[in-house]
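These are the residues of each chain, in order.
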Amino acid sequence: MRSSWYNKLVLIVGPRPRVHWLLVCLVSALVLIALLGSSSSNAFDSVTASVRPDIYSNYRRLKEQAVSDYLELKNLGANRVKDFDLCGREKENYVPCYNVSANLLAGFKDGEEFDRHCEVSRDQQYCLVRPPKDYKIPLTWPSGRDVIWSGNVKLSKDQFLSSGSMTKRLMLLEENQISFHSDDEMIDGVKDYSHQIAEMIGLGSDSEFCEAGHMNQLVAKFSWPLREGLPAIIGNFISRQLPVPSLSYDMIHCTQCGIFWDDKDGMFLIEVDRVLKPGGYFVLTSPRSRQRASKGKIPTPFEEFTQKLCWNLVAQQEETFIWQKTTNSRCYASSRQGTFPLCDGEDSLPYYKPLAHCVSGTTSKRWIPIQNRSSGSLSSAELIIHGINPEDFSEDLDFWRSALRNYWSLLSPLIFSDHPKRPGDEDPMPPYNMVRNVMDMSAHYGGLNTALLEAKKSVWVMNVVPLGERNTLPVILDQGFAGVLHNWCEPFPTYPRTYDMLHAKGLLSHIASGRCSIIDLLFEMDRILRPEGWIIISDKLGPVEIARTLATQLRWEARVIDLQNGSDERLLVCQKPFVRK
């Protein structure tokens, strides 16, 4: 039987991010840290028009005009705008909403102090998060996959040496770099482990992981996967659900977790069950599991909980155990072992809701076993299940294919060079890849992600579905892409300086129509964007002009481009400078 895989959700709460990145065959992964143009304004005739041949030759004028606009706005006499100040050094690696001290003072305990609490740590101070003293622009991809600058992560030599033997086997801390081992012995070990899991779940070989499509991965306790160019967000499910819908992933993988899965009456395992697709797998590799095993079986209450969830222990080898979720939604009501109760209603918007002590997704139209899903693009029938007209989906994708060609033609001489272009510099020699981590802040169907894959660009995309917009995250995840729900009135769950490019279409208008502030949004964009990173905003003229004025106060180089398509839509193209105190 051919295995149809889209998403692989892997929860690793142990020091093996490099091993499991290779395990998923070098494809894009969602990492969850748990328990943690031209100056004449006609760069594009329209977003659907063919690429203009003069875009490459005119990008210098675009950049020079951006500097001219910046200086003009800064020199308006007594009424000129003032640059925002830099934050103190204590903010260099600060992640809003995860303030443990403030959470403890607010009364959170029993692990909930490590959870996300934006209402507690809300900070209205407007200042620019500076990079650390030794911060350097990341190496180009794929070199940046194997080597990261030690000054770019909050990790001292003492912390590294005490972080575990597996970590030390995977990495070498040199004078100013963290180098990930890639010797033959380690690679063979990874291949053996990957092949072991493939055999345990009945695949012919580990190559079928790659053939199956994109696999999303959850990794815990590490802050550097994004620095390597791997997808990541910060989060946990100590007390709240993950910000993804039910029935989203083919596999959840957890190694050396340190999670007490049988705590809280099995609610951690219920959350795993919630996000697994029917027929999906939960892979647990842990010496602790082996020590607790009795004659090859996990003892109660863990075993009792898996039986109540209708999971079947399909394989066990040494420290690795694999359970498979049932494909029969009626099993939860008919199991002889007794099951957890069923949730009332559909799990339509799981945005950091409290953990539930009930099973969800059994009545969903998306209850389709992974073995019955088509590989590759979603079929018309699958789109209809999501409530999406196949013609609308196709038109949206055609739009993004054209838009991407325009974006690439405008920016490639600037952002895909060894050294980002600055006014007065000679033309760089493309196409060295300076962009790896991309966020689509209002992703809709994930069309930009699809267009990037089709164009064979070596980037990954974090597809964000804004709260308040139509919830299209299920169709994004079913395409095998990384994605989350997010309320842009709040900070995004990531470290500072983690993205190379931010893209947002219509997000300013969405923000302005609600209770959120455009200035708060731009400050958050500045926080999560690395120095010399890029921003592309597509929106109506009014919000774009507001953002352009604020961009100068944030010290961004900014330029508004008229699409010349008869609408009031504009592009705002910005670059964040490398600012030091």
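Everything numeric in this text was worked out from a predicted model, so none of it was measured. (Residues numbered from 1 in each chain as written. Predicted model: local features only at pLDDT ≥ 70, side-chain atom pairs only at ≥ 80, totals over all residues. Heavy atoms only, no water.)

## As for the overall build of the protein chain
Right, on to step 1. Regarding its fold elements, the protein chain presents 20 helices and 18 strands.
Right, on to step 2. Accessible surface computed for the protein chain: about 23700 Å², of which carbon and sulfur atoms make up 50%. (Helix = DSSP H or I, 4+ residues; strand = E, 2+ residues; numbered from the N terminus. Areas by Shrake-Rupley, 256 points an atom, 1.4 Å probe, with all protein chains shown as cover.)

## Some details on the sheet that holds strand S11 (residues 320–324)
Right, on to step 1. Spatially, the 4 strands line up as an open sheet ordered S8-S9-S11-S10, and their pairing is mixed. Edge positions in the open sheet fall to strand S8 (249–255) and strand S10 (312–317), since each of these has one partner strand only. Along the sheet, successive strands turn relative to each other by an average axial angle of 15 degrees, direction set aside.
Right, on to step 2. The pairing of strand S9 (residues 276–285) with S11 spans 5 bridges and is antiparallel. Opposite Leu284, over in S11, you have Phe321 as the bridge partner.
Right, on to step 3. Running at roughly 135 degrees to S9, helix H10 (residues 267–275) makes contact with S8 and S9 of the sheet. (Pairing = 2+ DSSP bridges. Axes fitted to C-alpha atoms, helices over the stretch in contact; angles between N-to-C directions. Contact = heavy atoms within 4.5 Å.)

## Some thoughts on the sheet that holds strand S13 (residues 460–466)
Right, on to step 1. Read across the open sheet, the 7 strands follow the order S14-S13-S12-S15-S16-S18-S17; overall the sheet is mixed. Looking at the sheet topology across the chains shown, the edges are occupied by strand S14 (482–486) and strand S17 (557–562). Mean inter-strand twist for the sheet, computed between neighbouring axes without regard to direction, equals 15 degrees.
Right, on to step 2. Inspection of the sheet shows strand S15 (residues 499–505) paired to strand S16 (residues 529–540) by 6 bridges, in the parallel sense. Bridge pairing in S16 places Tyr499 opposite Leu529.
Right, on to step 3. On the sheet, helix H20 (residues 541–553) packs against S16, S17 and strand S18 (569–575) and is oriented at approximately 155 degrees with respect to S16.

## Topic: the environment of Asn312
Right, on to step 1. By the secondary structure assignment, Asn312 is in strand S10.
Right, on to step 2. Spatially, the C-alpha atoms of Asn312 and Trp323 are 5.3 Å apart, while their sequence positions differ by 11 residues.
Right, on to step 3. Dropping the residues within four chain positions of it, Asn312 is found in contact with Ile322, Trp323 and Gln324.

## Some remarks on the packing of helix H19 (residues 518–528) against H20
Right, on to step 1. Closest axis-to-axis distance for the H19/H20 pair is 10 Å, and the angle between their directions is 55 degrees. With respect to their mutual orientation, H19 and H20 come out oblique. For the pair H19 and H20, the sense of crossing is right-handed. Mapping the contact onto sequence places Ile518, Ile519 and Leu522 in H19 and Pro543, Ile546, Ala547 and Leu550 in H20.
Right, on to step 2. Per-class residue counts for the contact of H19 with H20 are 7 nonpolar, no polar and no charged. (Parallel < 35°, antiparallel > 145°, perpendicular 65-115°, else oblique. Left-handed = near helix turned anticlockwise from the far one by under 90°. Nonpolar A, V, L, I, M, F, W, Y, C, P; charged D, E, K, R; others polar.)

## Overview of H20
Right, on to step 1. For H20, spanning 13 residues, the distance from its first C-alpha to its last is 19 Å, which sits close to the expected 18 Å at 1.5 Å a residue.
Right, on to step 2. Within H20, burial applies to Pro543, Val544, Ala547, Arg548, Leu550, Ala551, Thr552 and Gln553.
Right, on to step 3. Looking one or two places after H20, you find Arg555, whose phi comes out positive at around 75 degrees. (Expected span 1.5 Å × (residues − 1). Buried < 20%, exposed > 50% of the residue type's maximum accessible area, 1.4 Å probe, protein only.)

## Concerning the nonpolar core
Right, on to step 1. Of all hydrophobic cores here, the largest spans 47 residues; its most connected members are Trp261, Leu269, Phe282 and Leu284.
Right, on to step 2. Of all elements in the fold, only S8, H10, S9, helix H12 (302–308), S11, helix H13 (331–334) and helix H17 (473–478) reach the threshold of two or more residues within this core.
Right, on to step 3. Among the elements that make up this core, the one with the highest residue count is H10 (6 residues).
Right, on to step 4. Setting aside its immediate chain neighbours within four residues, Phe282 contacts Ile252, Cys254, Trp261, Leu269, Val272, Leu276, Phe302, Trp311, Phe321, Ile322 and Trp323.
Right, on to step 5. Grouped together as the second largest cluster of nonpolar side chains are 43 residues, Tyr499, Ala504, Leu507 and Ala558 included. (Core = buried A, V, L, I, M, F, W, Y, C linked by side-chain atoms within 4.5 Å.)

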